[in-house]
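Descriptive analysis of the structure
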Amino acid sequence: MLRTARCLLSSAMLLAGTLAAGAQTIELNAGHVLTTASHYHAAAAKLAELVAEKSKGQIKINVFPAAQLGGEVKMIQSVRTGTQDIVVTGEAPLENTVKDYTVFSFPYLFSSVDEANKTLQGPIGKEMLGLLPQYGMVGLGFISALERDIFTNGRVIKTAADMQGLKIRVIPGPGYVTAYKALGAQPTPMAYTELYMALQNGAVDAAENSPDLFLQDRFVEVSKTFSLTKIMYMPALIIISKSRWDGFTPEQQKIFTDSAAEAVTFAIDHYKKDYAAALETIRKSGKVQLVEPDLASFRATAPEVYAALLKEFPQAKQWLDKIKAQ
């Protein structure tokens, strides 16, 4: 009888020890659509590194680049429902859920990446992150905004008039579709993973992206021109599922917020270096014509484009006013 009791006690202690050991490691999955050379990946990898370090190995983040977990719209929805833990994403796909974010689709809202980042890291950025919990998400921080320029498989974009009838792939965000339509183009929302083939087979004539991604994702192979139109500066951000966040202790939440702050700074610097290096490479390569367009002609279209956007997305007005009042 005593031997049986001891065996039962020993088994119970072993089981408890096993459960405790299992509880020591929290494993999370993070995804993004870009390559491992991108500042999206730099942010995710740095976050994973810092969280592991600050939690003494109790929290592990697995990073899946290059759309391994799906496109941005899919990953955002997965984070909202709790089937994915973390996503690093551009802001535009969030507009399908958070209509206030359409303010970032307003052309020439900012004059530079630095100006956009100053807003994103300030009070307005914090307010906009504060909108996410009601949609099942928690924003850990904005990483660097991306300059959105236009590259084509033939047509040279020098003035706003050159946008007329241009069949251009845009991010699947409603604000982007409206903005490019108001510019006279034919916007075609399309998953990022489909873009290379679409340019190659002529399904679209053009796309918009940042110089670093133009090189990293090999669009230089299927394009003839790159025009520095600087139409938008799209924010990017790190988001975690609210259901996962709510399950953390206050100490664990602090580990994430502290780590994210460092990862944001790291990613902003990473983008700045990549951007400068990419422009230099494009200039020297001779493979693609680098175009310096007449930006005044583009900026002159802003009132008409703003009117079209505000008519469709009135929620953006309060944010537009705040950004302009800075």
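All of these numbers come straight from a predicted model, not from anything done at the bench.

This paragraph deals with the nonpolar core. Counting 109 residues, the largest nonpolar core has Tyr180 and Phe256 as its most contacted members. With near-sequence residues (within four places) excluded, Phe256 lies in contact with Leu28, Leu47, Val51, Ile59, Ile61, Ile86, Leu140, Ile240, Trp245 and Phe248.

Along the chain, the position of Thr152 falls in strand E4 (residues 137-152). A residue is classified by how much of its surface remains accessible, and Thr152, at 1% relative accessible area, is buried. A polar contact is formed between the side chain of Thr152 and the backbone nitrogen of Gly154, at a distance of 3.2 Å. One polar contact links the side chain of Thr152 to the main-chain carbonyl oxygen of Arg155, over a distance of 2.5 Å.

Our next topic: the packing of aromatic side chains. Where two aromatic rings form a pair, the distance of their centres and the angle of their planes describe that pair. Inspection of every chain in the model, using the stated rule, returns 13 aromatic pairs. Ring geometry for Tyr176 and Tyr180: centres 6.3 Å apart, planes at 35°, overall tilted. With a gap of 4 residues between them, Tyr176 and Tyr180 both fall in helix H6 (residues 174-182), about one helical turn apart. For the pair Tyr176 and Tyr180, a shared accessibility class is recorded, and that class is buried. Consider the rings of Trp245 and Phe248, whose centres lie 6.2 Å apart with planes at 70°: the pair is edge-to-face. Residue classification places Trp245 among the buried positions, given a relative accessible area of 12%.

Where H6 meets helix H12 (residues 302-312), the axes come as close as 9 Å, and the angle between the chain directions of the two elements is 145°. The chirality of how H6 crosses H12 is right-handed. Facing H6, whose interface residues are Gly175, Thr178, Ala179 and Ala182, H12 presents Glu304, Val305, Ala308, Leu309 and Glu312.

Okay, the environment of Ala207 next. Along the chain, Ala207 turns up in strand E7 (residues 206-209). The exposure class of Ala207 is buried, given its relative accessible area of 0%. Leaving out residues up to four positions away in the same chain, Ala207 has contacts with Asp149, Ile150, Phe151, Ile168, Arg169 and Leu195.

We now examine unusual backbone geometry. The backbone of Lys56 shows a phi angle near 55°, a positive value even though the residue is not glycine. Here Lys56 lies in the loop between helix H2 (39-54) and strand E2 (59-64). According to the relative accessible area criterion, Lys56 is exposed, its value standing at 75%. One non-glycine residue, Arg218, adopts positive backbone phi at about 65°.

Let us now look at H12. Working note: α-helix, 3.6 residues per turn, so residues spaced by three or four point in the same direction. The complete set of buried residues in H12 reads Ala302, Val305, Tyr306 and Leu309. Along H12, the residues classed as buried sweep out an arc of 100° about the axis, all on the same side. Across H12 from its buried face, at more than 90 degrees, point the exposed residues Pro303, Glu304 and Lys311. Buried residues along H12 sit in contact with H6, helix H11 (295-299) and helix H13 (317-324).

Here we take up the packing of H2 against helix H10 (residues 250-285). Following both chains from N to C, one finds H2 and H10 inclined at 145°, their axes separated by 8 Å at the closest point. H2 and H10 meet at a crossing whose hand is right-handed. For the pair formed by H2 and H10, the contact residues are His39, Ala42, Ala43, Lys46, Leu47, Leu50, Val51 and Lys54 on the first element and Ile255, Phe256, Asp258, Ser259, Ala260, Glu262, Ala263, Phe266, Ala267, His270 and Tyr271 on the second. Here the residues of the contact of H2 with H10 sort into 12 nonpolar, 3 polar and 4 charged.

Over its 16 residues, H2 extends 22 Å from the first C-alpha to the last, a length consistent with the 22 Å expected when each residue adds 1.5 Å. Listed as buried for H2 are His39, Tyr40, His41, Ala42, Ala43, Ala44, Lys46, Leu47, Ala48, Leu50 and Val51. The inward-facing, buried residues of H2 abut E2, helix H3 (72-81), strand E3 (86-90), E4, strand E8 (225-241) and H10. Once H2 ends, the next one or two residues include Lys56, with phi positive near 55°.

Looking now at the pairing of E3. A regular strand places its side chains on the two faces of the sheet in alternate fashion. In terms of burial, E3 is largely enclosed, as 5 of its 5 residues are buried. Neither face of E3 is left uncovered, since the one carrying Ile86, Val88 and Gly90 and the one carrying Val87 and Thr89 both have all their residues buried. As judged from the 2 bridges shared by strand E1 (residues 26-31) and E3, these two strands associate in the parallel manner. Bridge assignment links Gly31 to a residue of E3, and that residue is Val87. As defined by bridge partners, E3 adjoins E8 across 5 bridges and the pair is classed as antiparallel. Across the sheet, the residue bridging to Val87 is Ile239, located in E8.

Cut-offs used in this document
- Residues numbered from 1 in each chain as written.
- Predicted model: local features only at pLDDT ≥ 70, side-chain atom pairs only at ≥ 80, totals over all residues.
- Heavy atoms only, no water.
- Core = buried A, V, L, I, M, F, W, Y, C linked by side-chain atoms within 4.5 Å.
- Buried < 20%, exposed > 50% of the residue type's maximum accessible area, 1.4 Å probe, protein only.
- Contact = heavy atoms within 4.5 Å.
- Helix = DSSP H or I, 4+ residues; strand = E, 2+ residues; numbered from the N terminus.
- Polar contact = N/O pair within 3.5 Å; in protein donor to acceptor, adjacent residues only side chain to side chain.
- Phe/Tyr/Trp six-rings, centres within 6.5 Å; stacked < 30°, edge-to-face > 60°.
- Axes fitted to C-alpha atoms, helices over the stretch in contact; angles between N-to-C directions.
- Left-handed = near helix turned anticlockwise from the far one by under 90°.
- Arc of directions from axis to C-beta.
- Nonpolar A, V, L, I, M, F, W, Y, C, P; charged D, E, K, R; others polar.
- Expected span 1.5 Å × (residues − 1).
- Pairing = 2+ DSSP bridges.

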